Amino acid sequence: MGLATTLETLRENIEKIQKNSPLAADQVRILGASKGQPPSLILEAIESGMTDFGENRVQEAEGKWEDIKNRFPNLWLHLIGPLQTNKVKQAVALFDVIQTIDRIKLADALADEMQKAGRQLPCFIQVNIGKEPQKAGVMPEDAATLIEHCTTQLRLNVVGLMCVPQHDQPPAPHFASLRDMAQRHALPELSMGMSDDFETAIRMGSTCIRLGRILFGERS
Ligand SMILES: *Cc1c(COP(=O)(O)O)cnc(C)c1O
């Protein structure tokens with residue numbers, strides 16, 4: 001099946017879920033998680049009407065995306081992987097959305113760089129919703145402080161929350177608790193749901209699903 005067909009089937013599926021789920025958002029953005037995928041596939045996705053893409057690593061993204069972004073200036077490139085403070089300058093120059101703010105030091109560095117670069121990018125706070133020791137994301141109990149710091153102190157454009165729940169647990173309770181947290185802080189966007197759990201995520205109110213394998217096939 002070609003990418004265009006996959007995308008069409010996916011859109012129909014999403015629409016059906018939206019109709020049948022009272023908590024589903026009116027608009028669900030499909031973000032192509034394109035790490036490890038060649039530019040040829042990304043171009044095919046753009047030709048099929050995709051406008052949002054996510055990359056995990058600044059360096060890989062720079063190599064792949066500078067050229068594509070020059071050719072297609074209206075795309076949204078999201079950073080969905082962990083960001084080191086020494087890569088903040090490159091990240092702010094290349095990406096259009098930062099989804100992975102998870103600590104105060106990083107938020108400070110991003111706010112500083114966005115000011116310098118004159119690019120106030122939409123941001124998500126990444127929450128380690130399953131409290132996994134090895135995983136990126138602010139711990140749920142520290143999230144309120146970080147969100148407050150980003151919005152009140154730094155005046156970052158925080159639009160929502162993002163999470164990557166455990167593989168080995170049912171995702172619904174994690175998605176529900178991310179949604180509750182976003183509501184408490186009046187944040188409209190929820191970036192949650194990947195190839196294996198996007199249907200559940202949409203039922204729980206996701207506004208941005210991040211799809212890799214289901215769109216592009218297995219990564220090389
Ligand atoms: C790779 C990745 C995805 C996509 O994962 P699939 O299971 O291939 O859909 C989504 N979000 C993040 C943060 C990722 O690293």
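Going by the structure above, here's the rest.
Summary of the structure given here. Being a predicted model, the structure only gives us computed values, none of them experimental.

1. Looking at the side chain of Lys 69
Then, in step 1: Position of Lys 69 among the secondary structure elements: in helix H3 (residues 58-71).
Then, in step 2: Of the residues examined, Lys 69 reaches a relative accessible area of 17% and is grouped as buried.
Then, in step 3: Excluding residues that lie within four positions of it along the chain, Lys 69 makes contacts with Leu 77, Leu 94, Phe 95 and Asp 96.

2. Side note on the site of the ligand
Then, in step 1: Near the ligand, the surroundings consist of 13 residues, among which Lys 35, Asn 56, Ser 195, Gly 212 and Arg 213 are the closest.
Then, in step 2: With respect to the ligand, the side chain of Ser 195 contributes an N or O atom lying 2.5 Å from an oxygen atom.
Then, in step 3: Arg 213 has a polar side-chain atom sitting 2.6 Å from an oxygen atom of the ligand.
Then, in step 4: Compared with its free state, where it exposes 390 Å², the ligand has 92% of that area covered by protein.
Then, in step 5: Of the residues assigned to the shell around the ligand, the class counts are six nonpolar, three polar and four charged.

3. What about the packing of aromatic side chains?
Then, in step 1: Under the counting rule described, the total for this entry stands at one aromatic pair.
Then, in step 2: With centroids separated by 5.2 Å and ring planes inclined at 45°, the aromatic side chains of Phe 53 and Trp 65 adopt a geometry described as tilted. Here Trp 65 lies in helix H3 and Phe 53 lies in strand S2 (residues 52-55), a separation of twelve residues in the sequence.
Then, in step 3: Classification of Phe 53 by relative accessible area gives buried; the value is 0%.
Then, in step 4: For Trp 65, a relative accessible area of 0% gives the class buried.

4. Quick look at the pairing of strand S8 (residues 208-211)
Then, in step 1: Taking every second residue as pointing to the same face, both faces of S8 are buried, with Cys 208 and Arg 210 on one and Ile 209 and Leu 211 on the other.
Then, in step 2: With four bridges connecting them, strand S1 (residues 29-33) and S8 associate as parallel partners. Note on S8: the bridge partner recorded for Gly 32 is Leu 211.

5. A look at the environment of Glu 12
Then, in step 1: Within the fold, Glu 12 resides in helix H1 (residues 3-20).
Then, in step 2: The class of Glu 12 is partly exposed, set by a relative accessible area of 49%.
Then, in step 3: Residues Glu 12 and Val 159, spaced 147 residues apart in sequence, show a C-alpha to C-alpha distance of 27 Å.

6. Focus: the environment of Thr 5
Then, in step 1: If you trace the backbone, Thr 5 turns up in helix H1.
Then, in step 2: The sequence separation of Thr 5 and Ser 48 amounts to 43 residues, and the corresponding C-alpha distance is 8.9 Å.

7. Considering the environment of Gly 130
Then, in step 1: Along the chain, the position of Gly 130 falls in the loop between strand S5 (122-126) and helix H6 (140-153).
Then, in step 2: Looking at Gly 130, the relative accessible area reads 19%, which means it is buried.
Then, in step 3: Residues Gly 130 and Thr 51 lie 79 residues apart in sequence; the distance between their C-alpha atoms is 30 Å.
Then, in step 4: Filtering out sequence-adjacent residues up to four positions away, Gly 130 remains in contact with Gln 166 and His 174.

8. Details of the nonpolar core
Then, in step 1: Counting 65 residues, the largest nonpolar core has Phe 53 and Leu 161 as its most contacted members.
Then, in step 2: Residues contacting Leu 161, with those up to four places away along its chain left out, are Phe 124, Ile 125, Val 127, Ile 147, Leu 178, Met 181, Ala 182, Leu 187, Glu 189, Leu 190 and Ser 191.
Then, in step 3: One finds Val 97, Phe 124, Val 159 and Met 162 within the second-largest nonpolar core, a separate group that totals six residues.

Conventions adopted
Residues numbered from 1 in each chain as written. Predicted model: local features only at pLDDT ≥ 70, side-chain atom pairs only at ≥ 80, totals over all residues. Heavy atoms only, no water. Helix = DSSP H or I, 4+ residues; strand = E, 2+ residues; numbered from the N terminus. Buried < 20%, exposed > 50% of the residue type's maximum accessible area, 1.4 Å probe, protein only. Contact = heavy atoms within 4.5 Å. Near = heavy atom within 4 Å. Polar contact = N/O pair within 3.5 Å; in protein donor to acceptor, adjacent residues only side chain to side chain. Areas by Shrake-Rupley, 256 points an atom, 1.4 Å probe, with all protein chains shown as cover. Nonpolar A, V, L, I, M, F, W, Y, C, P; charged D, E, K, R; others polar. Phe/Tyr/Trp six-rings, centres within 6.5 Å; stacked < 30°, edge-to-face > 60°. Pairing = 2+ DSSP bridges. Core = buried A, V, L, I, M, F, W, Y, C linked by side-chain atoms within 4.5 Å.

Read these as geometric descriptors, not functional statements.
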